[in-house]
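# A closer look at the structure
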Amino acid sequence: MKLVREEDWRRERLQALVQRFRDGAAQLGLSLLDSNTPIQPLIVCDAGTALQFSEALREQGTLVTAIRPPTVPEGTARLRITFSATHTEEHVDRLLDT
């Protein structure tokens, strides 16, 4: 509770990282669901593609989970991109580059 009360910079940093990612994703034409939270869902449609993207990102050193049916409806498989205040701008940029 002390951190929540005294370290607003963590929330501000996290929100800045999310906005950086959303701006970069928009420039790349990526299909994100509307979310201003640290969890950014990137729609990729089918489960196979979601798994392929997740594995390719992992091979590049980035952990992004594939979410697929039955957890989400058919045709809405996605990557679950999750940010924390310990991430850096470089992490966001590397994810977008990858």
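It should be noted that the structure appears before, not after, this text.
Let me begin by describing the structure that accompanies this report. (Residues numbered from 1 in each chain as written. Predicted model: local features only at pLDDT ≥ 70, side-chain atom pairs only at ≥ 80, totals over all residues. Heavy atoms only, no water.)

## Some remarks on the overall build of the chain
Here is the rule we go by: Think of it this way: any DSSP run of H or I at least four residues long counts as a helix, any run of E at least two long counts as a strand, and we number them from the N terminus. Exposure is judged per residue with a 1.4 Å probe applied to protein chains only, and the accessible area is read against the type maximum: over 50% gives exposed, under 20% gives buried, and values in between give partly exposed. Contact criterion: two residues are considered in contact whenever any of their non-hydrogen atoms come within 4.5 Å of each other. All accessibility values rest on the Shrake-Rupley procedure with a 1.4 Å probe; residue burial counts only the protein chains present in the view. His is not counted here, nor are the chain ends, while Lys and Arg score as positive and Asp and Glu score as negative. Where a charge lies is defined by one atom per residue type, namely NZ (Lys), CZ (Arg), CG (Asp) and CD (Glu).
Counting its secondary structure elements, the chain contains four helices and three strands. Ordered by position in the sequence, the α and β elements of the chain form the string α-α-β-α-β-β-α. Its C-alpha atoms put the chain at 45 × 25 × 25 Å along the principal axes. Every one of the 98 residues in the chain was classed for burial, and the buried ones make up 32%. A sequence separation of at least 24 residues applies to 55% of the contacts in the chain between residues at least 6 apart. Of the roughly 6500 Å² that the chain leaves accessible, carbon and sulfur atoms contribute 53%. The averaged location of the 14 negative side-chain charges in the chain is 6 Å from the averaged location of its 12 positive side-chain charges.

## Comments concerning the pattern of salt bridges
Stated precisely, the cut-off is as follows: The term salt bridge refers to a pairing of a side-chain nitrogen on Lys or Arg with a carboxyl oxygen on Asp or Glu at a separation within 4 Å.
In total, this model carries four salt bridges according to the counting rule given. The partner of Asp8 in a salt bridge is Arg11, with the nearest N and O atoms 2.3 Å apart. Of this pair, Asp8 and Arg11 both sit in helix H2 (residues 8–28), separated by three residues, roughly a single helical turn. A relative accessible area of 37% means that Asp8 is categorised as partly exposed.

## As for the nonpolar core
Stated precisely, the cut-off is as follows: Put simply, a nonpolar core is a bunch of buried Ala, Val, Leu, Ile, Met, Phe, Trp, Tyr and Cys residues held in one set by side-chain atoms that sit within 4.5 Å of each other.
In this structure, Phe21, Leu79, Ile81, Phe83 and Leu95 are the most contacted members of the largest nonpolar core, which totals 19 residues. At the level of elements, H2, strand S1 (39–45), helix H3 (47–59), strand S3 (77–82) and helix H4 (89–97) are the ones that each hand at least two residues to this core. Among the elements that take part in this core, H2 stands out by supplying five residues, more than any other. Dropping the residues within four chain positions of it, Leu95 is found in contact with Phe21, Leu57, Thr62, Val64, Ile81 and Phe83.

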